[in-house]
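Letter by letter, the chains look like this.
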Amino acid sequence: MSEYDYDLFVIGAGSGGVRAARTAAATGARVAVAEDRYLGGTCVNVGCVPKKLYSYAAHFHDSFEDAGGFGWSLPAAPQFDWATLRDNKIGEIKRLNGIYNRLLDNADVRLINGRATVLDAHHVSVGGETVSAAKILVAVGGWPWVPDFPGKELTLDSNRVFDLDEFPERFMVLGGGYIAVEFASIFNGLGSDTHLIYRGDLFLRGFDQEVREFTRDEMDKKGVNLHFDTNIECIEKVEGGLRVTLTSGETREVDAVLAATGRRPNLEGLGLDRLDVATSGDGKLKINERFETSVPSILALGDVTDGPELTPVALEEAMSLVAHHFGETTPEPLDYERIATAVFCHPNIGTVGLSEEAARQRFDAIRVYSADFRPMKHTLSGSSERCLMKLIVDDESDVVVGAHLVGDEAGEIIQGIAIAVRAGLTKAQFDQTVGIHPTGAEEFVTMRTPTRR
Ligand code: NDP
């Protein structure tokens, strides 16, 4: 009999925590999970899931406009009702919370409601009880972070933007990352007069430069007001809204300001500082290949560590962690390169592997194949939306080292391309693949002449 109450005590029932708990329990380990908010974490409650539902809602705006060229007329101008969308979303999230509860229950994982505090390397206090565990997994995720400026308390963060009582007719978002461009597209599509404020000269730093420029132009065409090289100086409450003063000197009145300025590890009050658990410069927990922190019985994964802040990464990490600590063989270390990702701005971005700029730094010579075209649908819709596709090839090996797409359903398309890029397939093998006609995606196997080297 073990000297501990549990083999694994998980703090945080988000995507990574729940997956680790269930997978460990399936090996016969005795597992408990502590959660003080909602089951499913950021992704299910205030991230990927509700964001995608709102993105679908926003896309209807374009669909209504596109329909005319195909012979459809609407009996009246379409009306959008925020409360219906918000409340239907709330219902769906409740359903998913229930599913997470049942998943834990069916896996024989004990769920404890409460914020856990780590007492020492093997003890946790939660809900007035002290429990011991051979291993403690910190899977508490991140929390929105907002820089200091006068009136910062008047901003919304991405936890609060989903459940607004009133629809913001005039919407502003600060930031130039995933959340900023996605919410600018969502509220623009739903009908808000939308402004995006970004401190640099072009948003989506780290993405392929051509993708960033193309996305800027497409979002601009859709009516998002983009303000680059600008920051928020201060926000004041005024009659009927908020007055925002920008560093450019401009002032603008809006109904809501979303600060999408990044997320930080949600470690406050967890007690890890008492144990001197090592963190990196930005406060994230340092871990080794086995997901062990500097205190080896305390493990960590997901957004609280240094990897990409993406749900599927946390899920992979959870399975790898369980294989390391409860499995019979030592798994290969996780490969964080060539992880595909999508940004659900409008149009969507899908990307896997290296940007053109990163590939130029890594390889002596590259070939770039790109296509910028008007999708077939828009020949009749009248929309001016375009699509960008791009392959980056290492000239010496012919391996496709990057694939990028800006256009309809980019996330759906890049998922398939990601398998090929991850498998290290060559451009010649892409070319041997017969296209599917008529699709936009067939360009990925029909681009034959390099655009540049
Ligand atoms: P990001 O880190 O992606 O972006 C933060 C943005 O805020 C950057 O543009 C940054 O500018 C800007 N910023 C930072 N500090 C300041 C400041 N002091 N003043 C003004 N601007 C500032 O964070 P997000 O909040 O957008 O998203 C968090 C993470 O969640 C993402 O990195 C992503 O991993 C994940 N996510 C994934 C999604 C998906 O998979 N589709 C969707 C949403 C989130 P700069 O670039 O100049 O540093």
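Residues numbered from 1 in each chain as written. Predicted model: local features only at pLDDT ≥ 70, side-chain atom pairs only at ≥ 80, totals over all residues. Heavy atoms only, no water.

> Would you mind showing me how to read the sheet that holds strand β10 (residues 225–227) here?
Paired through their backbone hydrogen bonds, the strands of a sheet run either parallel or antiparallel. With respect to topology, 4 strands assemble into an open sheet ordered β10-β9-β8-β14, the strand pairing being parallel. Of all the strands in the sheet, just β10 and β14 (256–259) have a single pairing partner and so form its edges. Neighbour-to-neighbour, the strand axes of the sheet open up by a mean angle of 20°, direction not taken into account. As paired elements, strand β8 (residues 170–174) and strand β9 (residues 193–197) share 5 bridges and run parallel to each other. Opposite Val173, over in β9, you have Leu196 as the bridge partner. Packed onto the sheet, helix α5 (residues 178–190) meets β8, β9 and β14 and runs at close to 170° relative to β9. (Pairing = 2+ DSSP bridges. Helix = DSSP H or I, 4+ residues; strand = E, 2+ residues; numbered from the N terminus. Axes fitted to C-alpha atoms, helices over the stretch in contact; angles between N-to-C directions. Contact = heavy atoms within 4.5 Å.)

> Explain the packing of helix α1 (residues 15–26) against helix α4 (residues 82–106) to me, please; I cannot follow it from the model alone.
Packed helices, taken two at a time, are described by the angle their axes make and the gap between the axes. Put simply, α1 and α4 touch, their axes get as near as 9 Å, and they point 25° apart. With respect to α4, the axis of α1 lies roughly parallel. Where α1 crosses over α4, the two elements pack in a sense that is left-handed. Across the interface between the two elements, Val18, Ala21 and Arg22 of α1 pack against Tyr100, Leu103 and Leu104 of α4. For the contact of α1 with α4, the class distribution of residues is 5 nonpolar, no polar and 1 charged. (Parallel < 35°, antiparallel > 145°, perpendicular 65-115°, else oblique. Left-handed = near helix turned anticlockwise from the far one by under 90°. Nonpolar A, V, L, I, M, F, W, Y, C, P; charged D, E, K, R; others polar.)

> Teacher, can you tell me more about the site of the ligand here?
Around the ligand there are 21 residues in total, and Gly176, Tyr198, Arg199, Arg205 and Ala342 lie nearest to it. The separation between a nitrogen atom of the ligand and a polar side-chain atom of Glu182 is 2.9 Å. Note that an oxygen atom of the ligand is positioned 2.8 Å from one of the side-chain N or O atoms of Arg199. When the ligand sits alone it has 910 Å² of accessible area, and the protein chains cover 79% of it. Element by element, the count of residues in the shell around the ligand is highest for α5, at 3 residues. (Near = heavy atom within 4 Å. Polar contact = N/O pair within 3.5 Å; in protein donor to acceptor, adjacent residues only side chain to side chain. Areas by Shrake-Rupley, 256 points an atom, 1.4 Å probe, with all protein chains shown as cover.)

> Just checking my understanding: could you explain α5 for this structure?
Structural remark: α-helix, 3.6 residues per turn; residues separated by three or four positions point the same way. If you check α5, its first and last C-alpha atoms are 18 Å apart, about what 13 residues at 1.5 Å a residue would give, namely 18 Å. Most of α5 is tucked away: 11 of the 13 residues are buried. All of the buried residues along α5 are Ala180, Val181, Glu182, Phe183, Ala184, Ser185, Ile186, Phe187, Asn188, Gly189 and Leu190. Once α5 ends, the next one or two residues include Gly191, with phi positive near 120°. (Expected span 1.5 Å × (residues − 1). Buried < 20%, exposed > 50% of the residue type's maximum accessible area, 1.4 Å probe, protein only.)

> Looking at this structure, I do not really get the pattern of salt bridges. What am I missing?
Two side chains carrying opposite charge are able to pair once their charged atoms lie near each other. One pass over the structure, following the stated rule, counts 33 salt bridges. Where Asp7 meets Arg30, a salt bridge forms, and the shortest distance between an N and an O atom there is 3.2 Å. Of the two residues, Asp7 sits in strand β1 (residues 6–11) while Arg30 sits in the loop between α1 and β2 (31–35), which places them 23 residues apart along the sequence. Note on Asp7: relative accessible area 19%, which makes it buried. Residue Arg30 is classed as partly exposed on the basis of its relative accessible area of 27%. Put simply, Asp62 and Lys222 hold a salt bridge, and the shortest N to O gap is 2.8 Å. (Salt bridge = Lys/Arg side-chain N within 4 Å of Asp/Glu carboxyl O.)

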